[in-house]
There are 2 protein chains.
Amino acid sequence: MQTNPLYTHKSIRKYKQQPIDDETINKIVDAGIRGSNTGNMQLYSIVLTTSDDVKRELAPAHFNQPMVTSAPLVATVCVDVNRMSKWCKVSNADLAFNNLESFITASIDATIVAQNMALAAEEEGLGICYIGTTTYNPDMIIDVLKLPKGVFPLVTLTIGYPDETPALTERLPAAAIVHKDRYADYSDSDIKALHAEKEANPLNKKFVEENHKENLAQVFAEIRYPRQTSEAFSERLVETLKKQGLM
Amino acid sequence: MQTNPLYTHKSIRKYKQQPIDDETINKIVDAGIRGSNTGNMQLYSIVLTTSDDVKRELAPAHFNQPMVTSAPLVATVCVDVNRMSKWCKVSNADLAFNNLESFITASIDATIVAQNMALAAEEEGLGICYIGTTTYNPDMIIDVLKLPKGVFPLVTLTIGYPDETPALTERLPAAAIVHKDRYADYSDSDIKALHAEKEANPLNKKFVEENHKENLAQVFAEIRYPRQTSEAFSERLVETLKKQGLM
């Protein structure tokens, strides 16, 4: 049986009521910090929340997904140019990291931290879930976690010992994802062929039925990620990035 | 000896002239694709470049860093809403992913793909280097790789069998990175204490001397990432994101 988490990741949303000891948490953090990062500037911070009160305050920002309060550990991985800015200030150096380029660079680094943490946790027998709502309501998370200017919550991981064993989710065939040497754009018939297996998946067919749509693409575009919501979240994201001095 | 790449990553910039077989490449890609992603939409593409001609064309975009032409494999991991948009179009669904929120979400997913690929490569005995210049000259990479609207080059990995054994680079102490429950902002004396070890590092002291600066922070802020360059790159990034329909 394949158990390497690189090949067997499943999001875990139900956790045992069993705390994670400090040694294990330190190991997870260490894996995060050892990840590759731009110029070794480490433009990120990790907020580890174990307090039930703080988790309850965070929950509404994540649309009250139950993992946020039921997981023993909630890790919010943030873009952080605040620490670097303060270091430059005490060192009489003029830092210009208040722009989108620096934010994107730091976002890549912060995500590498998060993914190393996720894999380290899984190697320790823990289960994790990426909470995609972090960038939908960043302003609410900033308030709860008291993030100063220069800090932005990018990725949230809920972590705990698994209390469920979900199946591996389907993926598009590698041929849909991989391009040889240069990008080969898709014809309409390529697109149909590459999505055929996904559309035939029984779980996905059930989604289409339950949502009274003609096909799976409509469920994504019109039910799960509708235009109005998508545009409203994006406006709030831009406002928050500006407010945090990152754009 | 610790050999788990989660804890032992070192950027490898010199490679043996030994190609990587298809089975190994497929394994690396498979690890990428198995990573967690938002809504299982897989808003990414992987361009695998092995052609010497295409690598030579890519090199200027990466400021002619030698790894781009000397590595047997160059993987450009891209944000891709083009494939999803085309799927929605052939499915008569109205998709609204032409905004910064969708770009950031897809960036997180694409970076998880890249980091899983990096770790899988390292598990196979390969060495990798993240090429941070990808978001500096995205327009040049878009031209070379023929990336259509909706696709943006986010992360480049050069991959090959190591022909060097560099030392582990230093990191800030975990106390500088980790916050308990909520963010605890740094005082000036915290900042100085948390950076003391980094500043005392002999390699870093050499950087300061060579660059005729007073301290390490000035090397970062004024030599490596000066304001004018940072702001010029950011302007180009914003223009390119708009041109690709991602902002």
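For the structure itself, look to the data block above.
Since this is a predicted model, take the numbers as computed values, not measurements.

Judged by pairing direction, the sheet is mixed, and its five strands sit side by side in the order β5(A)-β1(B)-β2(B)-β4(B)-β3(B) without closing on themselves. At either end of the open sheet lies a strand with only one pairing partner, and these are β5 (178–180) of chain A together with β3 (127–131) of chain B. Direction aside, the axes of adjacent strands within the sheet are offset by 25° on average. Here strand β1 (residues 44–49) of chain B runs beside strand β2 (residues 73–80) of chain B; their pairing, made up of six bridges, is antiparallel. When the sheet's bridge partners are listed, B:Ser45 is paired in β2(B) with B:Cys78. Seen against the sheet, helix α6 (residues 100–123) of chain B touches β1, β2, β3 and β4 (151–160) of chain B and runs at an angle of roughly 10° to β4(B).

Attention shifts here to helix α12 (residues 227–243) of chain A. With 17 residues, α12(A) should reach 24 Å at 1.5 Å per residue; the first-to-last C-alpha distance of 24 Å fits that figure. Among the residues of α12(A), A:Ser230, A:Phe233, A:Ser234, A:Leu237, A:Thr240 and A:Leu241 are the ones counted as buried. Seen along its axis, α12(A) keeps its buried residues to an arc of 130°; they face one direction. Opposite the buried face of α12(A), by more than 90 degrees, sit the exposed residues A:Gln228, A:Glu235, A:Glu239, A:Lys242 and A:Lys243. If you follow the buried residues of α12(A), they end up packed against α6 (100–123), α7 (138–145) and β4 (151–160) of chain A together with α6 of chain B. A:Gly245, located one to two residues past α12(A), shows a positive phi value of around 70°.

This paragraph deals with the nonpolar core. Of all hydrophobic cores here, the largest spans 160 residues; its most connected members are A:Phe103 and B:Phe103. Once residues within four sequence positions are removed from consideration, B:Phe103 is found in contact with A:Ile104, B:Val79, B:Phe152, B:Leu154, B:Leu241 and B:Leu246.

Counting from both sides, the interface comprises 111 residues of chain B and, opposite them, 111 residues of chain A. Looking only at chain B, the three residues that lose the most surface to chain A are B:Arg34, B:Trp87 and B:Tyr183, adding up to 9% of its buried area. Among the ionic pairs, A:Glu57 bridges to B:Arg182, the shortest N-O distance being 3.0 Å. Looking at the side of chain B that touches chain A residue by residue, the classes come out as 54 nonpolar, 31 polar and 26 charged. In this sheet, β1(B) lies alongside β5(A) in parallel orientation, the contact comprising three bridges. Its bridge partner being in β1(B), A:Lys180 is matched across the sheet by B:Leu48.

Rules of the game
Residues numbered from 1 in each chain as written. Chains lettered and ligands numbered in written order. Predicted model: local features only at pLDDT ≥ 70, side-chain atom pairs only at ≥ 80, totals over all residues. Heavy atoms only, no water. Pairing = 2+ DSSP bridges. Helix = DSSP H or I, 4+ residues; strand = E, 2+ residues; numbered from the N terminus. Axes fitted to C-alpha atoms, helices over the stretch in contact; angles between N-to-C directions. Contact = heavy atoms within 4.5 Å. Expected span 1.5 Å × (residues − 1). Buried < 20%, exposed > 50% of the residue type's maximum accessible area, 1.4 Å probe, protein only. Arc of directions from axis to C-beta. Core = buried A, V, L, I, M, F, W, Y, C linked by side-chain atoms within 4.5 Å. Buried area = accessible area lost by both parts, 1.4 Å probe. Salt bridge = Lys/Arg side-chain N within 4 Å of Asp/Glu carboxyl O. Nonpolar A, V, L, I, M, F, W, Y, C, P; charged D, E, K, R; others polar.

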